[in-house]
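Now for the letters of each chain:
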Amino acid sequence: MIVSTLLALAPCLALPQQDDSKDSWTIAVDQLHVGDGRVVENALVTITDGKITAVVPGGSAAGALHVDGAHLTPGLVDAFSYMGIDPHTVEESRESTPSLRVADSVRLDAPAFAEALQEGVTAAFLSPDSLNVIGGLGAMVKTGGGAPADLFADANSAAQVLDGANALKVSLGGDASRGNWTPSGRFTSNYRARRPNTRMGTVWVMRREFYRAMDYVAAREAGVPMYDADLEVLAQALSGEIAVRFQARRSHDVETALRLQKEFSLPNIVIEEGTEAQAVGGVLAAGDIPVVTGPAYDAAARMIARGPQAAELRALVAPEPVCCEDQHDDPEGVGVHEDHKESGLMPLSDFVLDKLVAVAPRYGASGYFSGRRSEGRDATPALAALLAEQGVSVSLGGAEAHDNPLTEASLIHQARNAVRWGMEPGAAITAITSRPATLCGLGDRLGQVAVGFDADLVLWSGDPLASTSRPLLVFLDGRMVVDHRSQN
Amino acid sequence: MLFSSLLLSALAAQGTTGTASPALSQTAIQPDAIVAADGSLQEGKIVILEDGKIRSVTDQAPSGVPLTKVSGVLAAGMIDAATGRGADLFLTEQSQTLTPDLRAADGLNLDSEAWEAMLSRGITSVHIVPDPTNPLAGQGVLVSCGSGTGVPQVLRASTVQVASLIQTAVNDDRVGPSSLSGAMELLRKAFAEGGAAELPLWCFVENAEGLRAVSSLAGERPFHAVLWGELGGYAGAAAGQLAILPTLGEGELPRRAATWRAMHKAGVRFAFSTRGGNAEWNSLRTSAMAFSRFSGDAQAAWQAVTTNPAEALGMKPSMGAIAAGQRADLVLWSGHPLDATARVEAVMIAGESVYHAPPVPKKP
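Heads up: these notes are all about the structure in this document. These numbers were taken from a predicted model, which means no experiment stands behind them.

What follows deals with the overall build of chain B. Each helix and strand in chain B was counted, giving 9 helices and 20 strands. Across chain B, contacts joining residues at least 24 apart in sequence account for 64% of those joining residues at least 6 apart. Working note: accessible area of chain B is about 14,100 Å², and carbon and sulfur atoms make up 52% of it.

Here's what the structure looks like:
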């Protein structure tokens, strides 16, 4: 009796299409952000078998999925991220590792991907870390839909690699030389005694490698049979087949990147982070060189979540002698101190931070002191707006944001922050959807709500750039992977 | 006792091989039951041996072939998929990062007490591998634990190329690599440049990232992973594969139960190895017994110590089961080998008796 009553009620109760394993939907939206800067009012978007098969402006259909006042955007594409990349997977035995693939060590089951998906990020470029001069090949991933390796995890809950050899990461500035021990006065039977030790040395290593690659290409064209996996990758960079992503924060690092581009006629380069890039925006625009900005953190929030605390500072400046096995086991050397969790915050001057960068080389790998404080005195939250104003193609990156859920640093927050500091809303949406997709070579299937594109979509409770809005539904390859409607 | 009489008859038969009829070079054994390849007991079977191999398994004794009846259950000898037993104490070459040509065969210790210990537990073949401390660690060796002359015999001196992506290999504090991706970079190069022999690839892994990366690198090569570490968090990436697993360690039983069940359900096939597992001599058998209980699949449990390791080693046609054409590596048990009350009575390798158990004193 009860059952039959429930069954009779079911059609009235149920929102249409509750089966979240299906990959075909019809969605009626009040506001559609296409992803190329345009906003369409009242549109009907049809998804079939994981692809967008129709986008009809002004259309409507009975039974279509609809939430009043909701906005639809493409799934967000993070142009620069470290999601799922363990800090200890940095290869430090050599300073140049072009054929290294971050895809080999990315933890596809990492919670960061699930957190990103909850925030509407459906695809991301994963970068090798910046501690090598030539760091290796990045990967394009979708943040869900993959088979988890965890035997007890939900099906399709893991990220999936779309392209394991997407762009070559190279580092200018301090990261690649920081932490390298000088031969004098240090124990040298350890890979940390590698080169380079200076900013000049970093560029020297990079030039040396590219010249080797040019010789390699010339020899091969002359018919000499040879194979070198590293030079093969550099040859692809020289020909423009893969992009070279220069991590360059200070304005003179950006200028160095431009010099190197000219010296080696690199057809396809990207400036990553570009903390002071606004100073050379005109040159970047003239050379049609895109910039992927690093995350703009809310400074106070970053200090709370990531900043060193009093006891850690003490441990860093005057490390405790190694006495016990359990302390020895901790690679960071500080995590074992229980009192860190209890200790209060400590305001840090730039001077202290720079000192810490100097005394704590191992922290360089963990993102604690990734150099943003010491590299980029002229950092401004208006970076994206200033670049866009000068005509530079800007994509926004979340970097460590999704490993750090305590801060308001997710990708949509980057866009909101950019708008708050002067960027056009349409440009901000573009900078987290179609532009990074195109930058990563997947502009024909990701980053737009258009026919033929992957059905990666986010339905927001309101204007996605309003701080009061949040994702209600996230679709990935047409499957509903996040449903927050019940929290309305 | 029973096998030694069998040995005599077998020797007698072989002594006349030269000119006599073919049947005279054959011997037939009729145990109470045999353990079939699927782990089930089959009664009334007669196993015909010839030239150290199983010629056939029949229901009828052929005429002219001396038949020996033995009491007990006859089973294929167990195979340890990967071990360090029977070799030098150290199979760790630390002078270089990549040592693809290092051969465990060169580190064998034929005088080791391990051989008889293994025979007495029903293990007839072992696969000895170099320590997984280098990303490219070297090559394994397949050894028969005994022979008619009393000395273990190398069956195959170069079995597989052993690689490793566990912590000790990917975090070498002397010369690197310092990371998983760095170790993969080295492996990729070694494979692309032909620096690793064209053998099947076995890789020690302890996370999904390493497993995924190396299985895609293996490409067309036969590939098997040796799974270490916390299996529950990553073994799903081995779905559909035949994986090598350490035997049950002390105190691991409660934790492994759910994991093994889930792995079995996810379609991972097992081959047990004592490398990285329990050093207890009997652990191959006790792990199979435990697996049988947890998975409810006695067939999979028996195969995990016989046909699966044979398959992983590319030896399935010649060892791991009682079937025509297989090596006569046979163990006579007092009951089903996965029955806790059963014990080894006698062991035959390549048709020759190599071990028989001391008599068990009867209770008054």
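After presenting the structure, the write-up continues.
Our next topic: the overall build of chain A. When helices and strands are tallied, chain A shows 16 helices and 17 strands. Going through the 488 residues of chain A one by one, you find that 54% of them count as buried. Across chain A, contacts joining residues at least 24 apart in sequence account for 70% of those joining residues at least 6 apart.

Residues and elements named next belong to chain B. In space, the 6 strands of this open sheet follow the order β3-β2-β7-β18-β19-β20, with mixed pairing throughout. Each end of this open sheet is capped by a strand with a single partner; those strands are β3 (41-43) and β20 (352-356). Each neighbouring strand pair of the sheet contributes to a mean axis angle of 25°, computed without reference to strand direction. As paired strands, strand β2 (residues 33-35) and β3 are joined by 3 bridges and run antiparallel to one another. In the sheet register, Ile34 faces β3, and the bridge partner there is Gln42.

Turning to the pattern of salt bridges, a few remarks are in order. All told, the structure shown has 33 salt bridges over all chains when counted by the stated rule. Arg327(B) serves as the salt-bridge partner of Asp329(B), at 2.9 Å between the closest nitrogen and oxygen. We note that Asp329(B), like Arg327(B), is buried. A cluster of three or more residues bridged by salt bridges with shared partners is formed by Lys51(A), Lys142(A), Arg445(A), Asp454(A), Asp456(A) and Asp477(A).

We now examine the nonpolar core. The biggest cluster of nonpolar side chains holds 77 residues, and the ones touching the most others in it are Leu165(B), Leu227(B), Trp260(B) and Met263(B). Once residues within four sequence positions are removed from consideration, Trp260(B) is found in contact with Leu231(B), Leu245(B), Pro246(B), Leu248(B), Phe270(B), Phe272(B), Ser287(B), Ala290(B), Phe291(B) and Phe294(B). Val106(A), Ala159(A), Leu168(A) and Leu238(A) belong to the second-largest nonpolar core, a separate cluster that totals 75 residues.

This part is about the packing of aromatic side chains. Per the stated rule, a full pass over the model turns up 12 aromatic pairs over all chains. With 5.1 Å between their ring centres and 85° between their planes, Phe204(B) and Trp228(B) make a pair best called edge-to-face. Here Phe204(B) is found in strand β14 (residues 201-205), whereas its partner Trp228(B) is found in the loop between β15 (223-227) and β16 (242-246), with 24 residues between them in sequence. Taken individually, Phe204(B) and Trp228(B) each receive the classification buried, so the pair is uniform in this respect. With a centroid separation of 4.4 Å and 25° between ring planes, the pair formed by Phe270(B) and Phe291(B) is classed as stacked. Placement of the pair is Phe270(B) in strand β17 (residues 269-273) and Phe291(B) in helix α7 (residues 283-295), with a sequence separation of 21 residues. For the residue pair Phe270(B) and Phe291(B), the accessibility class agrees, reading buried in each case. Among the aromatic residues, those joined into a ring-pair cluster are Trp260(B), Phe270(B), Phe272(B), Phe291(B) and Phe294(B). When the ring centre of Trp204(A) is taken as reference, the NZ or CZ atom of Arg208(A) above it lies at 5.3 Å. The side chain of Arg245(A) reaches across the aromatic face of Phe125(A), ending 3.7 Å from its centre.

Attention shifts here to the sheet that holds strand β8 (residues 139-146) of chain A. All names here are of chain A. Judged by pairing direction, the sheet is mixed, and its 4 strands sit side by side in the order β5-β6-β8-β9 without closing on themselves. The open sheet terminates on both sides in strands that have one partner only, identified here as β5 (76-81) and β9 (158-163). Each strand axis lies, on average, 30° off the axis of its neighbour in the sheet, ignoring direction. Where β5 meets strand β6 (residues 121-126), 4 bridges bridge the pair, whose relative direction is parallel. Looking at the pairing, Val77 lines up with Ala123 of β6. Across the sheet, helix α2 (residues 111-118) is in contact with β6, β8 and β9; its angle to β8 comes to roughly 80°.

This next bit is on the side chain of Asp253(A). Residue and element names in this part refer to chain A. Along the chain, the position of Asp253 falls in helix α5 (residues 251-263). A polar side-chain atom of Asp253 sits 2.9 Å from a polar atom in the side chain of Arg199. The contact partners of Asp253, leaving out residues within four places of it in the chain, are Leu172, Gly173, Arg199, Ala248 and Glu375.

Facing 30 residues of chain A, the contacting portion of chain B comprises 37 residues. Regarding the contact of chain A and chain B, the summed buried area is about 2,300 Å², with carbon and sulfur atoms giving 50% of it. Joining chain A to chain B, the criterion identifies 3 salt bridges. The salt bridge involving Arg188(B) is made with Asp104(A); its shortest N-O contact spans 2.7 Å. Inspection of the region where chain A meets chain B yields 12 residue pairs in polar contact (both at pLDDT 80 or more).

What follows concerns the packing of helix α4 (residues 180-192) of chain B against helix α5 (residues 208-218) of chain B. All names here are of chain B. At a minimum axis separation of 11 Å, α4 and α5 run at an interaxial angle of 10°. On the basis of their axis angle, the class for α4 and α5 is roughly parallel. Each of Leu180, Met184, Leu187, Arg188 and Phe191 in α4 lies in contact with α5, whose residues at this interface are Glu209, Gly210, Ala213, Val214 and Leu217. Each residue belonging to the contact of α4 with α5 can be placed in one class, and the counts come to 7 nonpolar, 1 polar and 2 charged.

Residues and elements named next belong to chain A. Contact geometry of helix α3 (residues 199-221) with helix α4 (residues 229-239) gives a least axis separation of 9 Å together with a crossing angle of 90°. Relative to α4, the element α3 is oriented roughly perpendicular. On α4, the residues that touch Glu209, Phe210, Arg212, Ala213, Met214, Tyr216, Val217 and Arg220 of α3 are Leu231, Glu232, Leu234, Ala235, Ala237 and Leu238. Here the contact of α3 with α4 is composed, by residue class, of 10 nonpolar, no polar and 4 charged.

All names here are of chain A. Of note, the phi angle at Asn42 is positive, near 50°, even though the residue is not glycine. With respect to the secondary-structure elements, Asn42 resides in strand β2 (residues 39-48). Given the relative accessible area of 40%, Asn42 is considered partly exposed. Located in the positive-phi region is Ser265, a residue other than glycine, with phi close to 45°. Among the structural elements, Ser265 can be located in the loop between α5 and β12 (269-273). The exposed category is assigned to Ser265, whose relative accessible area is 54%.

Conventions we followed
Residues numbered from 1 in each chain as written. Chains lettered and ligands numbered in written order. Predicted model: local features only at pLDDT ≥ 70, side-chain atom pairs only at ≥ 80, totals over all residues. Heavy atoms only, no water. Helix = DSSP H or I, 4+ residues; strand = E, 2+ residues; numbered from the N terminus. Contact = heavy atoms within 4.5 Å. Areas by Shrake-Rupley, 256 points an atom, 1.4 Å probe, with all protein chains shown as cover. Buried < 20%, exposed > 50% of the residue type's maximum accessible area, 1.4 Å probe, protein only. Pairing = 2+ DSSP bridges. Axes fitted to C-alpha atoms, helices over the stretch in contact; angles between N-to-C directions. Salt bridge = Lys/Arg side-chain N within 4 Å of Asp/Glu carboxyl O. Core = buried A, V, L, I, M, F, W, Y, C linked by side-chain atoms within 4.5 Å. Phe/Tyr/Trp six-rings, centres within 6.5 Å; stacked < 30°, edge-to-face > 60°. Lys NZ or Arg CZ within 6 Å of the ring centre and 35° of its normal. Polar contact = N/O pair within 3.5 Å; in protein donor to acceptor, adjacent residues only side chain to side chain. Buried area = accessible area lost by both parts, 1.4 Å probe. Parallel < 35°, antiparallel > 145°, perpendicular 65-115°, else oblique. Nonpolar A, V, L, I, M, F, W, Y, C, P; charged D, E, K, R; others polar.

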